[in-house]
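Listed below, chain by chain, are the residues.
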Amino acid sequence: MNEGSGDHCPLANDDQEVVKMAHGGGGRAMAQLLDSLFRPAFDNPWLERQHDGAVLDMAGAIAFTTDSYVVRPLFFPGSDIGAMAVHGTVNDIAMCGAEPQYLSAGFILEEGLPLAILRRVVGSMAAAARETGVRIVTGDLKVVERGKADGLYINTAGVGRVVAPHPIEPGQVKPGDRLLLSGDIGRHGIAVMAAREKLDLESAIESDCASIAPPVLALLNEGIAIRCLRDLTRGGLASALVEVAETAGLAAQIREADIPVREDVSAVCELLGLDPLHVANEGRFMAVVAPEDVDRAIDILRRHSVSEATVDIGLFLEGNAGLVTAQSLIGGSRVVDRLSGEQLPRIC
Amino acid sequence: MKYRDEYRTPEAARAYADAIARITTRPWTLMEVCGGQTNAIMRFGIDQLLPQEISLIHGPGCPVCVTPIDYIDKALEIAGTPGVILCTFGDMLRVPGTHSDLAAARARGADVRVVYSPIEALAVARQHPGHDVVFFAVGFETTAPANAMAVYQAEREGLENFSVLVSQVLVPPAIRNLLERPGNRIQGFLAAGHVCAITGYEEYEPIARRHRVPIVVTGFEPLDILEGVYLCVRQLERGESSVENQYSRAVRRPGNKPAQQVMQAVFEVVPRQWRGMGEIPESGLGLSPAYRAFDAETRFGAVTGQDEGRGECSSGAVLRGEIRPDQCPAFGTRCTPEHPLGVTMVSEEGACAAYYRYRRQSGGPSHE
């Protein structure tokens, strides 16, 4: 096929078609790709205007965040890079106590990527955006030579309207504040690792990738005094907790027996020598709340499917800044630290 | 989870700890040989449950830690050879060689791949007939059968582009070596359950008799370790010194015969250099003459030089059980997992890493 010749639609038979350098060239091939794939999928008035950017009407405090998604493989049990790119950014906005509203999406595509795969990813992004009520209103597309990327990378940025009446950040955490965990941990990291390394697991471990904005907004709407929120992505619960404790200038104590880990996730962690506290999640968060609000907060969170297994796992207290200790299952205690380097499987 | 959760119940742990306290009349020093046990002790705070009289010291049971630096350097040299794909277990990636590590070599463009088993490395060799695929075969008796099986399979398939860089070590000679060192203070051993699952424990019986030390084959769950300590202390208090098997759900006295057979067919016992312990006779495995064509040292040149004594790192003394990790002056200051001076701070199973990860700052007792 003559790239970008314009004599037929490059998506006419996208089972066989692949991304070509011309798709990123700013010419006709790119215009056709945008018109036939991205605009219909993300379908909203801002994209229809085909302007260089989106003009948004927002008043008051705005939460603004960005993240890049480079996961391999692109599809894994329970989710894919597209849904992750939407949920990840939506969740970061929610963690600021804000209602996610608008996203941008930047794509870096590798020459040779089948268009059918791109279509699946974009479809998944569009579905995730619809489900969470955000609009993808501006974007960018680049194509790099074959071998320069793992198929595709996505960057999303997002803005949302802050609804929290006071700042939600580590600096607000006080001694005695309690730590709630929105459900079981470790599923996303193990699902991706199992798919990447082709571990033939007997049970299907699916990523927990999901939007956590609804339960957070419910907490805010019902007037819970949220001190801090953190989604538990790379580095897992341990890294998030240490980071919050450090910034708050406090120590924290957690009870390992109260932290839910699914049996199959736990088994794979044992096998590979990984600590579930360090494994990544994409639909879990921790909420630090005032002690008097704990019961009500748990009750509200448990009404939402994404946080129906919320548990109270510990508290913050005066002590060495950033020192997190865990009461072990058998009653000993240990330090919980950030993950060092990358997670690597062990020998034996 | 069956076979796991029942070995982690707090009530049973407390009961064992009480039982140990009841029978302990004086100080005893025990060594847990395996790095996995060291990790479990730190992770679950098992030592905090023991009476003050019991000192646990950590042994040379981390396969990554005892691999001499010369092997890391050799692996780096091989990985840097054009046309080579070096396959390794994940925990070898960050172990420092003299000037670099495999993770840095990979970042600079070497084809270094993390595999979960040597059989995967074999698959890489099949997929890339134009490349020399080298598997870095590190470990104790636990990894030896699978590594032997990969070589055996490669020979059967006539896979000429596959070889192994062998740094396989054996536990019983290391235990003997520790007991024969001047100033040895180890009074009893918790032997590594996984190793004994392969080898059985007959070989430990003459050691227990000759050196008058109890040796208890012990598993890795908290209750396994507590029961291992209990059995060991009970022998010491009674003046006994035999081999007992705490880990009977996985270990039989003769061990796993088919695994031993494939090891014996492919490997032969050789002297090996251990990091921190020097050369120990008959303490390692090398490829037997029939399989030497698959030896990376035959293809890429032998590992040369002597190990040790470089720089500020005290990992040798840690591996010999002479000092506790936090007794090293560099621990937690000039030596951290991000900037390790030595391998015991790098490896997941390393004693220094376990102390850093689980015990730093907590101020809990560590019984030494």
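Residues numbered from 1 in each chain as written. Chains lettered and ligands numbered in written order. Predicted model: local features only at pLDDT ≥ 70, side-chain atom pairs only at ≥ 80, totals over all residues. Heavy atoms only, no water.

Colleague: Even after reading the chapter, I still don't get the nonpolar core, so can you show me in this structure?
Modeller: By size, the foremost hydrophobic cluster in this structure holds 66 residues, and its most contacted members are Phe107, Leu118 and Leu152 of chain A. When near neighbours in sequence (up to four residues on either side) are disregarded, Leu152 of chain A contacts Leu74, Ile81, Phe107, Ile108, Leu109, Leu113, Leu118 and Val121 of chain A. Ala75, Val213, Trp274 and Val303 of chain B belong to the second largest nonpolar core, which has 60 residues in total. (Core = buried A, V, L, I, M, F, W, Y, C linked by side-chain atoms within 4.5 Å. Buried < 20%, exposed > 50% of the residue type's maximum accessible area, 1.4 Å probe, protein only. Contact = heavy atoms within 4.5 Å.)

Colleague: When you look at the packing of helix α5 (residues 187-196) of chain A against helix α8 (residues 263-272) of chain A in this model, what are you seeing that I'm missing?
Modeller: When two helices pack together, their arrangement is given by the angle between the helix axes and the distance between those axes. Residue and element names in this part refer to chain A. Packing of α5 against α8 leaves a shortest axis separation of 10 Å and a crossing angle of 60 degrees. Our classification of the angle between α5 and α8 gives oblique. Handedness of the crossing formed by α5 with α8: left-handed. Each of Arg187, Ile190 and Met193 in α5 lies in contact with α8, whose residues at this interface are Val265, Val268, Cys269 and Leu272. Partitioning the contact of α5 with α8 into residue classes produces 6 nonpolar, no polar and 1 charged. (Axes fitted to C-alpha atoms, helices over the stretch in contact; angles between N-to-C directions. Helix = DSSP H or I, 4+ residues; strand = E, 2+ residues; numbered from the N terminus. Parallel < 35°, antiparallel > 145°, perpendicular 65-115°, else oblique. Left-handed = near helix turned anticlockwise from the far one by under 90°. Nonpolar A, V, L, I, M, F, W, Y, C, P; charged D, E, K, R; others polar.)

Colleague: Teacher, can you tell me more about the interface of chain A and chain B here?
Modeller: In many reports, interface size means the accessible area that the parts give up when they come together. Facing the 30 residues of chain A at the interface are 40 residues of chain B. Interface of chain A and chain B: buried area, both sides summed, is about 3,000 Å²; carbon and sulfur atoms make up 57% of it. Where chain A packs against chain B, one counts 1 salt bridge. Note that Glu270 of chain A and Arg43 of chain B form a salt bridge whose closest N and O atoms lie 3.9 Å from each other. On the surface where chain A and chain B come into contact, there are 3 residue pairs in polar contact (both at pLDDT 80 or more). Of all the elements, α8 of chain A adds the most residues to the side of chain A that touches chain B, at 5 residues. (Buried area = accessible area lost by both parts, 1.4 Å probe. Salt bridge = Lys/Arg side-chain N within 4 Å of Asp/Glu carboxyl O. Polar contact = N/O pair within 3.5 Å; in protein donor to acceptor, adjacent residues only side chain to side chain.)

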